[in-house]
Amino acid sequence: MTDHVVIGAGSIGSNVARLLAERGEGVRIVTRSGSGPVHPMIERVAADASDPSRLTDLSGGAKVIYHCANPPSYTMWERQLPPLQTAVIAAAEAHDAVLALTGSLYAYGRQPGGRMNEHTPMAATGRKGRLRKRMWEQALAAGIRTVEVRGADYIGKDAAGIYSVFIEPALKKGRAAWIAGHLDMPHTFTVNGDMAQALVTLAQDERAWGRAWHVPSPPALTIRELARRCADAAGLPPVKLIQIPRFVMRTAGVIVPIAREVAEMDYQWYAPFHMDATETADTFGLTATDLDTAIRDQVGAIRV
């Protein structure tokens, strides 16, 4: 019997599965390809998690279902996320399992001063933010035991984000990094391992159910400072950063779908962006991984 079912084997899903397995708990990880971490306590299954019947069958006996799947491109969100959400809710309902959702800050939209805490209203006006809001409201309306854990942009080993997309290629090739965002605005980054820890902790604590919580994260820092610390950790010269004019992505979005989707969310990178997780930290005793520790883990593959 499997106590935990994890949907998705990306950075978060893999970290959740490893964390549980290292505690000696059985995990079934479900992906389209059957990928995922290799561990004696982890069973990897190839299946379409957006098929409610198939996912319900695979979730038999599960105490917790962790929804950690996310389409690789913004252009796929509207098509792929709603069926996934419907399927995980159906599986949780069928087996009376707790549903732990990997959330983001998108549902809040633009906030005064860019500040968000666990009680900030969901006021997004963009498509992706409204979609995230609807998905959380759908889970709450289902009457199941559920919790959504929200984090900011990820850093940490194998995390997908600004480091992996922009900074790492520049460090490897010794060239400039072109950045679609203001270089000197403070921005909260969440360590992917801390997101996994929060998901596992809150899913098993009934005090967390029925609402959203934030992942304790290091203090906000600018893209320029992040790039400097990454270069230092890798033992490489600083990367030259070039800020792409904001109008470029918006203009390209007229004809290029992914540019349009990125431009919709660019408010996060052109103004301060602060996530407060004080209530989560105080309630559950969770703390953030030291920022430089997370950076060293992330740049480890290219450290000289």
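Residues numbered from 1 in each chain as written. Predicted model: local features only at pLDDT ≥ 70, side-chain atom pairs only at ≥ 80, totals over all residues. Heavy atoms only, no water.

Another aspect to go through is the overall build of the protein chain. In terms of helices and strands, the protein chain carries 11 helices and 13 strands. Here the C-alpha radius of gyration of the protein chain, 19 Å, is about what a compact globule of 304 residues would show, namely 19 Å. Along the three orthogonal principal directions, the C-alpha set of the protein chain runs to about 50 × 40 × 40 Å. Taken over 304 residues, the protein chain has a buried fraction of 52%. Taking as baseline every contact in the protein chain between residues at least 6 positions apart, the subset at least 24 positions apart corresponds to 74%. Taken as a whole, the protein chain presents about 13,200 Å² of accessible surface, with 53% of it coming from carbon and sulfur. Placing the 33 positive and 31 negative side-chain charges of the protein chain at their respective mean positions leaves the two points 7 Å apart. (Helix = DSSP H or I, 4+ residues; strand = E, 2+ residues; numbered from the N terminus. Rg over C-alpha atoms; globule rule 2.2 N^0.38 Å. Buried < 20%, exposed > 50% of the residue type's maximum accessible area, 1.4 Å probe, protein only. Contact = heavy atoms within 4.5 Å. Areas by Shrake-Rupley, 256 points an atom, 1.4 Å probe, with all protein chains shown as cover. Lys, Arg positive; Asp, Glu negative; His and termini not counted. Charge placed at Lys NZ, Arg CZ, Asp CG, Glu CD.)

Below, the discussion takes up the packing of aromatic side chains. For the structure on display, the rule yields 5 aromatic pairs. Pairing Tyr74 with Trp77 gives two aromatic rings, centres 5.4 Å apart and planes at 85 degrees, and the pair type is edge-to-face. Overall, the relative accessible area of 22% leaves Tyr74 in the partly exposed class. We note Lys128 situated over the ring of Tyr74; from NZ or CZ to the ring centre the distance is 4.8 Å. A cation sits over an aromatic face here: Arg132 above Trp77, 4.6 Å from the ring centre. (Phe/Tyr/Trp six-rings, centres within 6.5 Å; stacked < 30°, edge-to-face > 60°. Lys NZ or Arg CZ within 6 Å of the ring centre and 35° of its normal.)

As for its position among the elements, Asp266 is in the loop between α9 (257–264) and β13 (274–275). By relative accessible area, which is 5% here, Asp266 ends up buried. Not counting the four nearest positions on each side in its chain, Asp266 is found in contact with Arg246 and Arg250.

In the structure shown here, the tally under the stated rule is 19 salt bridges. Here Arg150 ties to Glu148 by a salt bridge, and the two come within 2.7 Å at their closest N and O atoms. The salt bridge involving Asp266 is made with Arg246; its shortest N-O contact spans 2.9 Å. With Asp266 in the loop between α9 and β13 and Arg246 in helix α8 (residues 246–252), this pair connects stretches of sequence that are 20 residues apart. When salt bridges that share partners are traced, they join Glu225, Arg228, Arg229, Asp232 and Asp292 into one network. (Salt bridge = Lys/Arg side-chain N within 4 Å of Asp/Glu carboxyl O.)

This brings us to the pairing of strand β7 (residues 146–150). Among the 5 residues of β7, 5 are classified as buried, and the element is accordingly described as predominantly covered. Residues of β7 alternate between two faces, with Thr146, Glu148 and Arg150 on one and Val147 and Val149 on the opposite face, all of them buried. Two strands pair when backbone bridges link them, and strand β5 (residues 98–103) and β7 are joined in this way by 5 bridges, in the parallel orientation. Residue pairing for β7: Gly103 is matched across the bridge by Arg150. In this structure, β7 lies alongside strand β11 (residues 212–214), joined through 3 bridges in parallel fashion. If you follow Arg150 over to β11, its bridge partner there is His214. (Pairing = 2+ DSSP bridges.)

Quick look at the nonpolar core now. Formed by 31 residues in total, the largest nonpolar core has its most connected members in Val16, Tyr66, Val149, Leu199 and Leu202. In terms of residue count, helix α6 (residues 192–203) provides more of this core than any other element does, 7 residues in total. Listed in part, the 28 residues of the second largest apolar core include Ile167, Ile179, Val239 and Ile295. (Core = buried A, V, L, I, M, F, W, Y, C linked by side-chain atoms within 4.5 Å.)

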